[in-house]
There are 2 protein chains.
Amino acid sequence: MPSAENRQRVVILGAGFGGISAAQKLARADVAITVIDRRNYHLFQPLLYQVATADLSPADVAWPIRSIFSRQKNVSVALAEVQSVDLAAKSVLTDGGVFEYDHLIVATGAHHAYFGNDDWEEHAPGLKRIVDATEIRKRVLMAFERAEIAKDPAQQARELTFVIVGGGPTGVEMAGAISELARFSLAKDFRNIDPGQTRVILIEAGQRILTAMPEDLSHKAARSLERLGVEVQLNTRVEDITADGVRTSEGEIPAATKIWGAGVAVRDAGAWLSAETDQAGRVIVTPQLTLPDHPEVSVVGDAAKITWKDNQIVPGIAPAAKQAGAYVAKRIARETLGQPREKTPFAYKHAGNLATIGRHAAVIDMGWLKLSGVLAWWIWGVAHIYFLIGVRQPIFVALSWFWSYLTYAKGARLITGLRPLIRPQKSPAKDNES
Amino acid sequence: MPSAENRQRVVILGAGFGGISAAQKLARADVAITVIDRRNYHLFQPLLYQVATADLSPADVAWPIRSIFSRQKNVSVALAEVQSVDLAAKSVLTDGGVFEYDHLIVATGAHHAYFGNDDWEEHAPGLKRIVDATEIRKRVLMAFERAEIAKDPAQQARELTFVIVGGGPTGVEMAGAISELARFSLAKDFRNIDPGQTRVILIEAGQRILTAMPEDLSHKAARSLERLGVEVQLNTRVEDITADGVRTSEGEIPAATKIWGAGVAVRDAGAWLSAETDQAGRVIVTPQLTLPDHPEVSVVGDAAKITWKDNQIVPGIAPAAKQAGAYVAKRIARETLGQPREKTPFAYKHAGNLATIGRHAAVIDMGWLKLSGVLAWWIWGVAHIYFLIGVRQPIFVALSWFWSYLTYAKGARLITGLRPLIRPQKSPAKDNES
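Conventions and cut-offs
- Residues numbered from 1 in each chain as written.
- Chains lettered and ligands numbered in written order.
- Predicted model: local features only at pLDDT ≥ 70, side-chain atom pairs only at ≥ 80, totals over all residues.
- Helix = DSSP H or I, 4+ residues; strand = E, 2+ residues; numbered from the N terminus.
- Buried ≥ 20, exposed ≤ 12 C-beta atoms within 10 Å, placed from the backbone.
- Contact = placed C-beta atoms within 7 Å.
- Pairing = 2+ DSSP bridges.
- Axes fitted to C-alpha atoms, helices over the stretch in contact; angles between N-to-C directions.
- Left-handed = near helix turned anticlockwise from the far one by under 90°.
- Nonpolar A, V, L, I, M, F, W, Y, C, P; charged D, E, K, R; others polar.
- Domains from an automatic or database assignment.
- Right-handed = clockwise from strand over helix to strand, strands pointing away.
- Core = buried A, V, L, I, M, F, W, Y, C linked by C-beta atoms within 7 Å.
- pLDDT = per-residue confidence, 0-100.

## What about the overall build of chain A?
Link 1 in the chain: Across its full length, chain A holds 11 helices and 27 strands.
Link 2 in the chain: A total of 434 residues make up chain A; the buried ones form 53% of that total.
Link 3 in the chain: In chain A, of all internal contacts separated by at least 6 residues, the share reaching a separation of at least 24 is 64%.

## Overview of the environment of D119 of chain B
Residues and elements named next belong to chain B.
Link 1 in the chain: Note that D119 resides in the loop between β10 (111–112) and α4 (130–149).
Link 2 in the chain: The exposure class of D119 is exposed, given the 11 C-beta atoms found within 10 Å.
Link 3 in the chain: Taking the C-alpha atoms as reference points, D119 and G381, separated by 262 residues in sequence, lie 36 Å from one another.

## A few points about unusual backbone geometry
Link 1 in the chain: Its identity is not glycine, yet S274 of chain A carries a phi of approximately 45°, on the positive side.
Link 2 in the chain: Following the sequence through the fold, S274 of chain A ends up in the loop between α8 (269–272) and β19 (283–284).
Link 3 in the chain: Although it is not a glycine, N311 of chain B adopts a positive phi angle of roughly 65°.
Link 4 in the chain: On the secondary structure map, N311 of chain B appears in the loop between β22 (304–305) and α9 (318–336).
Link 5 in the chain: N311 of chain B sits in the exposed class, given 6 other C-beta atoms within 10 Å.

## Structural notes on the sheet that holds strand β12 (residues 199–203) of chain A
Residue and element names in this part refer to chain A.
Link 1 in the chain: Ordered in space as β13-β12-β11-β17, the 4 strands form an open sheet in which the pairing is parallel. At either end of the open sheet lies a strand with only one pairing partner, and these are β13 (230–233) and β17 (257–260). Taking the axes of each pair of neighbouring strands and ignoring which way they run, one obtains an average angle of 20° across the sheet.
Link 2 in the chain: The pairing of strand β11 (residues 161–165) with β17 spans 4 bridges and is classified as parallel. The residue bridging I164 from the neighbouring strand is I259, located in β17.
Link 3 in the chain: Sitting on the sheet, helix α7 (residues 215–227) is in contact with β12 and β13, with an inclination near 140° to β13.

## Some thoughts on the packing of helix α1 (residues 17–25) of chain B against α9 of chain B
Residue and element names in this part refer to chain B.
Link 1 in the chain: Closest axis-to-axis distance for the α1/α9 pair is 7 Å, and the angle between their directions is 35°. Between α1 and α9 lies a crossing whose hand is right-handed. Of the residues in α9, those touching α1 at F17, G18, G19, S21, A22 and K25 are A318, A321, K322, A324, G325, A326, V328, A329 and K330.
Link 2 in the chain: Residue composition of the contact of α1 with α9, grouped by class: 8 nonpolar, 4 polar and 3 charged.

## Some details on α1 of chain B
Link 1 in the chain: Judged by how many residues are buried, α1 of chain B sits mostly within the fold: 7 of 9 residues are covered.
Link 2 in the chain: Here α1 of chain B has its buried residues at F17, G18, G19, I20, S21, A22 and A23 of chain B.

## Notes on the domain arrangement of chain A
Link 1 in the chain: By domain assignment, chain A separates into domain 1 (4–38 + 80–110 + 266–336) and domain 2 (118–262 + 353–406).
Link 2 in the chain: Taking only C-alpha atoms, the centre of domain 1 of chain A and the centre of domain 2 of chain A are 32 Å apart.

## What about the pairing of β13 of chain A?
Residues and elements named next belong to chain A.
Link 1 in the chain: The two faces of β13 differ: V230 and V232 on one face are buried, but E231 and Q233 on the other face are not.
Link 2 in the chain: Taken together, the 4 bridges between β12 and β13 define a ladder with parallel strand orientation. Looking at β13, one finds that V200 is bridged to V230.
Link 3 in the chain: Note on the crossover from β12 through α7 to β13: the handedness is right-handed.

## Here's the deal with the sheet that holds strand β24 (residues 361–365) of chain B
Residues and elements named next belong to chain B.
Link 1 in the chain: Strands sit in the order β23-β24-β25 across an open sheet of 3 strands; the sheet is antiparallel. Looking along the sheet, the strands with just one partner apiece sit at the ends: β23 (353–357) and β25 (370–373). Strand-to-strand twist of the sheet, defined as the mean angle between neighbouring strand axes without regard to direction, takes the value 5°.
Link 2 in the chain: Bridging between β23 and β24 involves 5 bridges; their strand directions are antiparallel. Paired with I357 across the strands is A361, a residue of β24.
Link 3 in the chain: In the packing of helix α7 (residues 215–227) onto the sheet, contacts are made with β23, β24 and β25, and the angle to β24 comes to roughly 170°.

## Digging into the pairing of strand β21 (residues 294–299) of chain B
All names here are of chain B.
Link 1 in the chain: Note that strand β9 (residues 103–106) and β21 share 3 bridges and pair parallel. Of the residues in β21, the one forming a bridge with V106 is V299.
Link 2 in the chain: Across 2 bridges, strand β20 (residues 290–291) lies against β21 in antiparallel orientation. Bridge pairing in β21 places T290 opposite S298.
Link 3 in the chain: The loop that links β20 with its antiparallel partner β21 comprises 2 residues.

## Digging into the nonpolar core
General note: in soluble globular proteins, nonpolar side chains tend to be found buried as a group.
Link 1 in the chain: With 279 residues, the main nonpolar core has I12 of chain A together with I12 of chain B as its most contacted residues.
Link 2 in the chain: I12 of chain B has contacts with G19, A22, A23, I33, V35, I36, I105 and A107 of chain B, leaving out every residue within four places of it along the chain.

## Observations concerning the confidence of the model for chain A
Residue and element names in this part refer to chain A.
Link 1 in the chain: Summarising the model, chain A shows a mean pLDDT of 87, and 87% of its residues fall at 70 or more.
Link 2 in the chain: Considering only residues more than four positions removed or in separate chains, one finds that residues 418–434, a stretch of pLDDT under 50, has 35 contacts.
Link 3 in the chain: Scored by ipTM, the complex comes to 0.81, with pTM at 0.86.

## Focus on the environment of R267 of chain A
Residues and elements named next belong to chain A.
Link 1 in the chain: Structurally, R267 can be placed in the loop between β18 (264–265) and α8.
Link 2 in the chain: Under the C-beta neighbour-count criterion, R267 is labelled partly exposed, with 15 such atoms within 10 Å.
Link 3 in the chain: Along the chain, R267 and E145 lie 122 residues apart, while their C-alpha atoms are 36 Å from each other.
Link 4 in the chain: R267 has contacts with H111 and G281, leaving out every residue within four places of it along the chain.

## Structural notes on the environment of A362 of chain A
All names here are of chain A.
Link 1 in the chain: Along the chain, A362 turns up in strand β26 (residues 361–365).
Link 2 in the chain: Residue A362 is classed as buried on the basis of its C-beta count, with 28 C-beta atoms lying within 10 Å.
Link 3 in the chain: With 200 residues separating them along the chain, A362 and F162 place their C-alpha atoms 21 Å apart.
Link 4 in the chain: For A362, the contacting residues outside a window of four places in its chain are L354, A355, T356, I357, A376, W377 and W380.

Here it is, written out as structure tokens:
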């Protein structure tokens with residue numbers, strides 16, 4: 001075995017599903033891996049919306065990167081923020097120092113994006129990070145608190161209106177969960193308002209929600225949402241978002257709380273790598289997921305533009321990122337053994353799409369199997385237990401999550417932050433402008 | 001039964017142990033209770049240090065005030081910040097409106113205090129609120145992260161030095177827990193540093209730690225701490241605290257992380273009530289816990305100066321606040337029944353003092369029983385389960401806390417906040433000035 005000094009150095013940027021998967025698949029390779037992330041935790045994003053709706057605590061969906069790799073001795077972890085990549089010198093400059101590499105894997109993911117309307121962000125936060133989730137949780141819970149002590153019925157109605165923009169899985173899951181929060185978890189906790197009067201409005205510009213799904217499942221999902229009390233507004237464009245509400249192509253909606261689930265984009269990866277990107281900022285890669293002129297630099301997960309059948313873009317879901325990370329790791333492991341560079345292109349295997357609608361329904365499309373309703377929901381639950389075990393070994397942790405979720409514990413209903421005070425917001429000057 | 005309009009209005013400021021206990025004891029009284037707090041949660045402060053040391057999540061030690069009272073229909077909860085009290089008009093002005101009362105119970109507790117050295121706060125946060133705990137958690141975890149990527153051995157040593165000021169129960173518990181975190185939970189997670197080399201220094205100005213305890217238990221506690229690797233420095237005064245370290249009467253200690261456990265004071269209650277206070281800001285009350293000229297205004301818990309045998313001040317612990325809250329509630333309940341005003345003074349019953357030192361030792365003094373070591377630790381654990389059940393009914397929640405605590409889960413090892421970046425701090429200009 002060569003000495004540590006001769007080992008090839010693999011630097012992985014980002015400890016999401018792609019980065020973690022790549023590092024784990026290199027466990028037996030004779031390489032020195034450094035995982036760099038600006039957070040100290042891996043985030044289990046599929047359940048992040050449950051932090052936003054007070055079902056789970058941040059620590060339930062995020063695990064220290066170090067503890068994931070505590071037994072994998074060829075990995076060191078650095079908490080640092082990337083500033084630039086020097087492709088010629090093969091090094092990454094961070095605020096914690098310079099890291100040299102023989103192989104670089106960029107797996108830094110995507111952020112929510114407002115497509116030129118960045119001023120909407122303050123009024124309608126997206127849901128990508130822990131801080132986003134706790135911010136949304138605070139806004140949702142504060143709206144009920146303000147409604148409880150409001151004297152003006154118009155203000156009360158405005159506080160009890162929640163608008164979710166974007167009918168993708170995140171928007172659907174948030175809409176269902178907020179409606180459940182109001183109708184079940186908070187039902188008995190207020191004296192002056194009836195949380196059951198809460199309006200949850202899901203706005204989608206297209207003709208149906210969950211466009212990655214077959215049409216019949218989209219319709220079933222919409223009906224499930226409506227049974228939970230969610231108003232689904234299709235073919236509706238958002239024209240403006242302010243502190244007071246949302247203006248859509250169909251009219252004005254006074255609403256204290258707005259949540260953005262309408263799109264993501266990649267921020268820095270293209271600039272770091274001086275690489276060509278598509279309009280969402282995704283880095284254009286070869287079929288082997290490398291930069292065209294730099295076979296030692298791979299990009300995986302949401303940060304890369306990866307296509308599969310019919311030239312579709314591989315979806316931004318955990319299994320896709322994990323597969324790409326594992327593919328790149330296997331290629332690097334082969335090279336360290338002196339074998340010729342892998343030429344087989346990455347081939348994405350799509351296991352299916354699923355989205356949950358509250359606690360009693362989900363829709364699943366696995367191609368050969370289409371399901372909706374309670375059974376689909378149980379499959380969704382089991383699938384997430386399976387993924388949770390993959391990341392964080394003990395099964396009882398996954399089961400305990402599932403148990404507390406089933407029992408509506410809502411243990412995490414905290415409004416945290418330095419001064420979560422009541423600042424009664426002004427009523428909209430004009431309630432209806434359309 | 002008189003109509004709602006004729007009911008006496010009881011306003012309770014603060015949903016700590018005193019306020020919650022008062023409201024609960026009034027459950028059967030024909031009164032309309034409003035509990036006002038600027039947070040939406042009741043904080044189980046005795047376990048707050050475990051949030052600071054990443055054992056528990058904030059939601060494990062804090063419960064929504066609304067859910068505590070969801071079944072007690074004579075209570076409404078208002079999330080609002082008190083601005084002033086009008087004793088003549090019998091009303092409380094808040095940022096959420098005016099609340100009129102027939103009986104006012106002030107139970108707003110105490111904050112940590114720096115006795116004229118307020119500039120120390122930014123360098124050595126205290127531990128009273130959730131934000132304090134997550135801030136300390138971030139600082140503790142970030143120190144290890146910075147040490148891992150530091151090149152300079154002096155900086156590494158400084159990052160791995162933790163100074164806790166004050167040898168009361170909070171200081172003792174924090175010191176033991178940080179030492180355990182370094183020596184057990186983090187032991188295998190780093191590649192460039194040995195967390196076992198961490199120095200945890202507990203500084204106490206007096207001759208012994210845990211001065212509320214008998215002398216022999218103090219000494220046993222100090223020895224338990226030392227077995228966990230904590231350096232206990234007695235008879236040591238803190239002269240200055242800066243970003244770089246602590247200057248004490250015995251010398252300079254370069255230390256990245258400093259934690260304040262040396263004292264508390266009451267901030268606003270005296271001013272709101274235009275009342276006489278002692279030098280720590282505690283409101284002077286009658287033996288019936290009321291303001292001398294306002295028998296309709298009671299003060300309980302840490303905000304009040306309450307004395308018991310030998311003119312000692314009743315300790316600032318949960319049982320004392322609960323007893324005072326219950327006493328005042330009983331007095332008010334009698335009055336609403338038309339009975340003459342209670343003259344029996346409040347009599348504090350001291351059940352004992354206890355402090356835990358890591359996961360395997362504690363000291364307990366119940367007067368007739370003095371214990372230290374493992375058995376004391378188990379009693380500490382059972383006592384906390386008992387209290388937890390009191391606040392948050394289901395026993396399985398308390399047991400699940402205890403279980404995850406026993407198994408060293410450290411699930412909450414998150415560095416949260418917007419930008420937890422590496423900002424290498426300057427090494428101290430002079431390492432040793434003494």
